[in-house]
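As a plain string of letters, each chain reads:
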Amino acid sequence: AQSVTQLDSQVPVFEEAPVELRCNYSSSVSVYLFWYVQYPNQGLQLLLKYLSGSTLVKGINGFEAEFNKSQTSFHLRKPSVHISDTAEYFCAVTHTGGGNKLTFGTGTQLKVEL
Amino acid sequence: DAGITQSPRHKVTETGTPVTLRCHQTENHRYMYWYRQDPGHGLRLIHYSYGVKDTDKGEVSDGYSVSRSKTEDFLLTLESATSSQTSVYFCAVQGAAEAFFGQGTRLTVV
């Protein structure tokens, strides 16, 4: 079985400041990792994904994440946030050969303030 | 959005009534999923399908059934709705390297 932990349920940050949203996972097999963003009253949109290769993954809207196998982490970062980044962010994991079923974390609400 | 349409988008129903939610896709994806989203729980998998008439349970399948008679349609049925099934329901399909989600159905059971 696999699991995902997002320790921060809410992260307030001022506009133009950097932000890091934390994600840790647990799995006994190789995994694929994802970050999704959900804007109010909308579905989920993929920000970025790690499948293999370089551990630093760049996504849309200036976000990036680093896969750290030894620490079983996949933290999301952005060097300078904008008001429009206010949303809920979900980390998700699936293991290869598992029917691609995603296991999600509980989400982190990012609130960007002026 | 990978051509995913969920219907209805909003529904209010009474406890004990049956409810069916529909997910329709236009891009012939093999895998389809139903998740529910609740505060503090993220998204949890209810049921999924890996082909026509091939379905399996997820982690929160009690009280739900699904059917997939055509590749493009995946139906989620609440046999007898309960207040604990008040939630936002998302359908998803599996693309080559990522899942694509519908816009969600907000279901309220009163």
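Right above here is the structure, for reference.
(A) Looking closely at the state of the cysteines. According to the stated counting rule, one finds 2 disulfides over all chains in the structure shown. Paired through a disulfide, A:Cys23 and A:Cys91 show a sulfur-sulfur distance of 2.0 Å. Because the torsion about its S-S bond is -65°, the bridge between A:Cys23 and A:Cys91 counts as left-handed. In this pair, A:Cys23 is assigned in the loop between strand S3 (19–21) and strand S4 (24–26) and A:Cys91 in strand S10 (residues 87–95), connecting sequence segments 68 residues apart. On the basis of relative accessibility, which here comes to 0%, the residue A:Cys91 falls in the buried class. Covalent S-S linkage joins B:Cys23 and B:Cys91, the inter-sulfur distance amounting to 1.9 Å. Classification of the bridge connecting B:Cys23 and B:Cys91 rests on its S-S torsion, roughly -70°, and on that basis the disulfide is left-handed. Separated by 68 residues along the polypeptide, B:Cys23 in strand S3 (residues 19–25) and B:Cys91 in strand S9 (residues 87–94) bring together distant segments of the chain. Classification of B:Cys23 by relative accessible area gives buried; the value is 0%.

(B) The arrangement of the sheet that holds S3(B) in detail. All names here are of chain B. The strand order across the open sheet formed by 4 strands is S1-S3-S8-S7, and the pairing between neighbours is antiparallel. Across the chains shown, the open sheet's two edge strands, defined by having one partner strand only, are strand S1 (4–7) and strand S7 (64–70). For this sheet, the mean angle separating the axes of adjacent strands, direction not counted, is 20°. Alignment of S3 against strand S8 (residues 73–78), held across 6 bridges, turns out to be antiparallel. Pairing of Leu21 across the sheet is with Leu76, part of S8.

(C) Just the side chain of B:Arg68, in detail. All names here are of chain B. By the element assignment, Arg68 lies in strand S7. Here Arg68 is buried and forms no salt bridge, its nearest opposite-charge partner Glu72 lying at an N-O distance of 7.3 Å. Polar side-chain contacts of Arg68 include one of 2.9 Å to the side chain of Ser49. A polar side-chain atom of Arg68 sits 2.8 Å from the main-chain carbonyl oxygen of Thr71.

(D) Local environment of the layout of surface pockets. The space that makes up the largest pocket amounts to roughly 550 Å³. Forming the boundary of the largest pocket are 29 residues, of which A:Gln38, A:Glu88, B:Gln37, B:Val88 and B:Arg106 lie nearest the centre. When residues of the lining of the largest pocket are traced back to their parent elements, those giving at least two are S10 of chain A together with strand S4 (32–38), S9 and strand S11 (105–109) of chain B. Of the residues contributing to the lining of the largest pocket, the split by class is 8 nonpolar, 17 polar and 4 charged.

Thresholds, definitions, all that
Residues numbered from 1 in each chain as written. Chains lettered and ligands numbered in written order. Predicted model: local features only at pLDDT ≥ 70, side-chain atom pairs only at ≥ 80, totals over all residues. Heavy atoms only, no water. Disulfide = S-S within 2.5 Å. Helix = DSSP H or I, 4+ residues; strand = E, 2+ residues; numbered from the N terminus. Buried < 20%, exposed > 50% of the residue type's maximum accessible area, 1.4 Å probe, protein only. Pairing = 2+ DSSP bridges. Axes fitted to C-alpha atoms, helices over the stretch in contact; angles between N-to-C directions. Lys, Arg positive; Asp, Glu negative; His and termini not counted. Salt bridge = Lys/Arg side-chain N within 4 Å of Asp/Glu carboxyl O. Polar contact = N/O pair within 3.5 Å; in protein donor to acceptor, adjacent residues only side chain to side chain. 1 Å grid on protein atoms, 1.4 Å probe; cavity = no way out; pocket = protein on both sides within 12 Å on 5 of 7 lines; lining within 4 Å. Points joined across faces, edges and corners; volume = space filled by probe spheres on them. Nonpolar A, V, L, I, M, F, W, Y, C, P; charged D, E, K, R; others polar.

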